[in-house]
Amino acid sequence: MLSVEALKIRYGEVEAVRRVDLTVGSGEIIALVGANGAGKSSTLGAVAGLVPAASGKVVFDGVDITGLAPEAIARKGVALVPEGRRIFASLTVADNLRLGGAVHQPAAEARLREEEMLELFPILRRYHRVKGGNLSGGEQQMLAIARALMGKPRMILLDEPSLGLAPQLIDTVFDLIAELRRKGLTILLVEQNVALALEIADRAVVLANGEVVLAGTAKELASSDLVRQAYLGA
Amino acid sequence: MPSLYRLHRAALCAAVFGIAAISTASAEEIIIGAATAQTGGLAPYDQPALAGLRMSLDELNAKGGLGGKYTVKLLIKDTRSDTAQTATVAQELIDAGAKIMITPCDADPSISAGQLTQPLGIPTLTLCGSAPVLTGAVGDVMFGTYPADNVQATAVADFAVSEGKKKVFLLTSPDSTYTANLPEYFGKVFEKKGGAIVGRGTFSMGQPDFSAEITNIKGLADKPDLIMTAAYEPDFPAFIQQLRGAGVTIPVYGADAIGTPTIKALGKLVDGVVYTAAGYAEPGSKLEAFNAAFTKYAGHAPESTYEVNGYEIGLILDQAVKTAGSDDPKAIRDAIAGLKDFEGITGKITYAGTDRMPLRPVALMRYEGGEGKHVQTLIPDAADVPAP
Amino acid sequence: MIAQQIINAVSLGGVYALLALGLAIVFSIVGLINFAHGELMTLSGYALLASLVLGFPFPVAVLVAVSCGALAAVAMERIAFRPMRGASVTSLLLTSFAVSSLLKVVFQNGISARPQAVAMPGWMTGAFSFGDFTIGVGPSISIVVSALALIALEVFLRRSVTGTAMRAAAEDFDVVRLMGIPASRIIATAFLLSGLLAGLAAILWVAQRASVDPLMGFTPVLKAFIAAVVGGLGSLPGAVAGGFLLGIIEVLLQATLPGAIAPYRDAIVLSGVIAVLLVRPQGLIPAVRAQRS
């Protein structure tokens with residue numbers, strides 16, 4: 001469904017991503033793991049159109065989307081849940097959700113979709129009229145995911161969903177990711193918590209210094225020595 | 001390519017007869033530098049005055065130049081209505097060889113230019129700057145040409161007293177010499193002749209909100225029967241609009257700066273407003289003939305008396321060069337300073353015995369039904385004119 | 001008399017609020033202080049004059065003038081600022097100065113350096129009287145128009161999707177784009193609104209000053225800038241609060257300062273501004289912005 005080919009990203013003189021190749025099949029969860037600064041978020045940013053690619057290609061559903069504006073990529077059905085959640089703090093939960101689905105469907109459909117989201121995230125129904133900035137970290141993460149789902153994306157890019165959350169909340173979020181996958185959503189997951197990521201993913205790609213150092217099924221990687229030593233602390 | 005060929009031959013001639021050619025040119029040509037506002041707030045005053053000056057210089061050049069001898073080359077540079085910029089362009093004009101300097105219609109830029117011309121002895125004339133302090137602030141090269149503020153104010157005060165006005169409110173702005181001092185000169189004459197100043201207010205130039213000041217005027221215990229101000233565009237329209245809008249019908253008098261098409265176009269709003277001019281074109285007068293000639297020259301009628309004032313500057317320079325018999329700036333200066341009862345277009349102009357602000361007639365005008373109507377023309381008694 | 005001065009203050013404050021809001025809307029979205037905002041006013045002023053000279057009925061002339069301001073703002077963004085998108089704040093600022101100077105010269109050379117008188121309809125310069133107490137029609141219209149414009153804008157920003165997206169974009173523009181909402185739509189709407197506000201303010205401003213001239217936009221944009229900074233740059237409620245505060249302070253000082261100190265009015269106002277900023281460096285009502293590393 002998504003393929004990233006020979007992607008290179010530069011910030012001025014610094015090469016954040018040297019070469020990344022990966023593919024995500026329909027209905028798969030692919031985990032992109034690696035240390036801080038390995039180029040994971042930059043790769044997601046390039047897929048979503050927020051970060052320009054220096055070279056290489058991003059193809060979604062057979063269409064080259066390299067260099068398209070973020071709004072154009074979003075309209076093709078790719079939704080990014082950015083690192084740090086970045087919900088709109090001064091807007092109510094309702095307005096956050098409303099913006100998420102604003103351009104993807106007629107208003108009546110958007111209202112039905114919102115109702116679905118409120119079913120899926122009961123906490124958001126409770127805080128419907130509360131400003132996003134007043135929610136806790138976990139609630140904001142739920143909101144960020146719900147907001148991304150409002151546009152009925154075919155693929156969702158999750159950037160560090162566990163970051164800064166209490167352990168039991170992390171479980172909730174990952175349960176949710178598993179649930180989304182069961183519903184057929186394609187997911188590209190960036191996660192620093194490698195153990196957790198490998199638990200949920202079908203396949204994984206390990207990045208170091210902007211390059212793919214290892215790729216395979218989650219099972220293979222979980223038992224590889226390199227991964228065990230470098231990321232799982234075993 | 002005939003033009004190129006001619007150019008080539010001319011260059012050759014210049015090379016061969018180089019020195020001689022240059023010295024003849026300088027003997028017959030006199031450069032007048034005009035540091036005037038083509039843009040900005042002073043442009044509406046400088047431009048008509050400059051148009052008048054150009055017309056007279058064109059006519060004089062057709063008759064052989066100043067004093068029939070010195071062809072005038074007029075160099076014009078834009079001051080953008082900025083005092084510092086005026087000094088810059090004045091310096092450029094001096095460097096280009098100007099022997100006479102023309103400066104904008106306002107004291108501050110004129111003084112900044114005058115400070116450059118004074119040490120060099122270059123006679124400097126303001127187009128229509130009328131602050132009486134202007135010439136003293138620079139020195140003996142600086143000349144006013146328009147009726148001075150204190151002269152205008154005296155004329156208006158004389159008229160107000162003759163109308164039986166008793167109590168005046170003075171509206172001033174500290175932002176320019178003209179707006180700050182002219183109403184105060186009026187106040188001095190008015191008090192001396194038995195009137196009273198019942199209040200004073202101020203405004204900031206360029207800020208159109210007069211509501212607070214107008215509310216103060218309405219609240220005065222001792223109601224004025226006249227408001228005197230030297231506000232002009234764009235402040236005067238704003239003031240009168242809001243004053244009348246607040247239901248205040250007290251007459252408003254001003255001076256020359258509101259004798260413009262813009263103010264006239266305010267129509268009923270300015271009915272009864274009295275202002276001054278350098279002259280009035282009575283049927284059969286020289287001014288009427290000038291207005292016709294100017295219309296032919298410029299393609300439109302004069303907007304005000306700044307055109308004729310500019311034209312008279314040309315006549316004054318012509319007479320001065322004639323008297324001086326040379327193009328020496330110092331001799332020209334002395335000749336201007338000695339002019340007495342010189343017949344201009346609007347009347348007799350005298351510099352002799354003054355501090356270089358001319359004695360000349362002031363016309364009093366009043367707007368009625370969208371037209372400026374002549375009330376009277378007078379030369380105020382020198383004894384009544386307050387000191388600058 | 002005190003009541004009248006209060007009306008004067010609110011009336012002036014309302015115009016400043018409209019102007020400051022116009023600056024703040026654009027700033028909140030693209031980080032640009034558009035110093036050519038004043039020239040949008042000038043343009044609307046000339047459009048009003050032209051419409052009146054052509055004999056259009058007054059309401060039509062107002063409509064033409066306000067639309068001209070709005071369209072010119074959109075065109076300005078398209079021609080001058082869009083090619084600069086992503087440039088530094090300084091480059092944008094300089095571009096806006098360049099646009100402002102260019103338009104001034106165009107007005108001066110294309111129309112006239114001289115102010116042109118604008119004859120507002122007679123009823124606008126009248127006054128209501130209640131016994132001793134008179135209120136000018138002008139200030140009353142000014143207050144009503146400012147209030148209606150502020151309410152309409154508030155409803156737009158709260159209720160409509162584009163309005164909500166604009167509030168969101170002020171916080172985090174990239175994420176709004178991730179929602180599939182086109183950046184150019186948000187930016188164009190911001191300029192459109194700022195142009196509408198400039199057009200409305202121009203009508204009120206011209207009604208007060210009875211003339212238009214090429215430089216008339218300078219003072220208001222300066223006031224708007226001060227008001228926007230006092231209120232909290234980029235904060236819309238802040239811009240409104242700053243505008244009213246500035247108007248009220250100016251009128252009250254003008255009304256009460258003794259003659260000898262009156263010339264220092266602007267200096268006193270600006271000192272007050274500095275004092276406010278010392279106590280509240282982010283302004284009265286600071287803008288909400290995403291905290292990002």
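Predicted model, so just to flag it, every value in this text is computed and none were measured.

Structural notes on the overall build of chain C
For chain C, the helix and strand inventory stands at 11 helices and four strands. Referenced to the eigenvectors of the C-alpha coordinate spread, the extents of chain C come out at roughly 60 × 50 × 35 Å. Relative to its full complement of 293 residues, chain C shows a buried share of 54%.

Some words on the packing of helix H3 (residues 93-100) of chain A against helix H6 (residues 137-149) of chain A
Residues and elements named next belong to chain A. Packing of H3 against H6 brings their axes to within 7 Å, and their N-to-C directions diverge by 35°. Where H3 crosses over H6, the handedness of that crossing is right-handed. Of the residues in H6, those touching H3 at Val 93, Asn 96, Leu 97 and Gly 100 are Leu 143, Ala 146, Arg 147 and Ala 148. Considering only residue class, the contact of H3 with H6 consists of five nonpolar, two polar and one charged.

Considerations on the environment of C:Ala65
All names here are of chain C. Tracing the chain through its elements places Ala 65 in helix H3 (residues 58-81). A tally of 27 C-beta atoms within 10 Å means that Ala 65 is categorised as buried. Separated by 16 residues in sequence, Ala 65 and Leu 49 have C-alpha atoms that sit 8.5 Å apart. Residue contacts for Ala 65: discarding those within four places in its chain leaves Ser 44, Ala 47, Leu 48, Ser 51, Gly 199, Ala 202 and Ile 203.

A word on the arrangement of the chains
For the two pairs of chains in contact, the largest share of contacts goes to chains B and C. Without any contact between them, chain A and chain B keep their closest C-alpha atoms 36 Å apart.

Observations regarding helix H3 (residues 43-62) of chain B
Residues and elements named next belong to chain B. Spanning 20 residues, H3 covers 28 Å between terminal C-alpha atoms, matching the ideal 28 Å at 1.5 Å per step. Counting buried positions along H3 yields 15 of 20 residues, so the element is predominantly enclosed. Looking at the residues trailing H3, positive phi occurs at Gly 64, about 105°.

As for the nonpolar core
Counting residues in hydrophobic clusters, the biggest one holds 288 residues, and the most contacted among them are A:Ile30, A:Leu157, A:Leu189, C:Ala20, C:Ile29 and C:Ala201. In contact with A:Leu189, not counting residues within four places along its chain, are A:Ile29, A:Ile30, A:Ala31, A:Leu32, A:Leu158, A:Ala197 and A:Ala201.

Details of the confidence of the model for chain B
On average, chain B scores 89 in pLDDT, and the residues at 70 or more come to 93%. Ignoring residues within four places in sequence, the model shows residues 1-26 of chain B, a span with pLDDT below 50, making one contact including any to other chains.

Quick word on the interface of chain C and chain A
In this complex, chain C contributes 19 residues to the contact, which on the side of chain A involves 22 residues. Mapped by element, the contributors of at least two residues to the side of chain C that touches chain A are helix H6 (161-171) and helix H7 (173-178) of chain C.

Topic: the sheet that holds strand S2 (residues 71-78) of chain B
Residues and elements named next belong to chain B. Strand order across the open sheet formed by five strands is S2-S1-S3-S4-S5, with parallel pairing between neighbours. Every other strand in the sheet has two partners, leaving S2 and strand S5 (142-143) as the edge strands with one partner each. Looking at chain direction, strand S4 (residues 124-126) and S5 are connected through two bridges and run parallel. Bridge pairing links Thr 124 to Met 142 in S5.

Some remarks on the interface of chain B and chain C
Facing the 35 residues of chain B at the interface are 38 residues of chain C. For the side of chain B that touches chain C, the secondary-structure elements that each account for two or more residues are H3, strand S7 (196-202), helix H9 (211-218) and helix H10 (235-245) of chain B. Here the element with the most residues in the side of chain B that touches chain C is H10(B); it accounts for six residues. Residues that form the side of chain B that touches chain C fall into these classes: 12 nonpolar, 18 polar and five charged.

Describing the domain arrangement of chain B
Residues and elements named next belong to chain B. The domain architecture assigned to chain B consists of domain 1 (2-147 + 284-357) and domain 2 (150-277 + 363-378). Just the C-alpha atoms count here: the centres of domain 1 and domain 2 sit 32 Å apart. Across the boundary between the two partners, domain 1 contributes 13 residues, which contact 13 residues of domain 2. Taken together, the residues that form the side of domain 1 that touches domain 2 break down as seven nonpolar, three polar and three charged.

Focus on the pairing of strand S1 (residues 29-36) of chain B
Residues and elements named next belong to chain B. In terms of burial, S1 is a largely internal element, six of the eight residues being buried. The β-α-β motif built from S1, the intervening H3 and the parallel element S2 has right-handed crossover chirality. With three bridges joining them, S1 and strand S3 (residues 100-103) adopt parallel strand pairing. Looking at S3, one finds that Gly 33 is bridged to Met 101.

A look at unusual backbone geometry
Omega for the bond connecting B:Glu233 with B:Pro234 falls within 30 degrees of zero, at -5°, which places this linkage in the cis form. Of note in this structure, A:Arg85 is not a glycine but carries a positive phi near 70°. With respect to the helices and strands, A:Arg85 occurs in the loop between strand S6 (78-81) and H3. Taking the number of C-beta atoms within 10 Å as the measure of exposure, A:Arg85 has 25 and is therefore buried. Phi is positive for C:Ala210, which is not a glycine, with a value near 65°.

How each quantity is defined
Residues numbered from 1 in each chain as written. Chains lettered and ligands numbered in written order. Predicted model: local features only at pLDDT ≥ 70, side-chain atom pairs only at ≥ 80, totals over all residues. Helix = DSSP H or I, 4+ residues; strand = E, 2+ residues; numbered from the N terminus. Buried ≥ 20, exposed ≤ 12 C-beta atoms within 10 Å, placed from the backbone. Axes fitted to C-alpha atoms, helices over the stretch in contact; angles between N-to-C directions. Left-handed = near helix turned anticlockwise from the far one by under 90°. Contact = placed C-beta atoms within 7 Å. Nonpolar A, V, L, I, M, F, W, Y, C, P; charged D, E, K, R; others polar. Expected span 1.5 Å × (residues − 1). Core = buried A, V, L, I, M, F, W, Y, C linked by C-beta atoms within 7 Å. pLDDT = per-residue confidence, 0-100. Pairing = 2+ DSSP bridges. Domains from an automatic or database assignment. Right-handed = clockwise from strand over helix to strand, strands pointing away.

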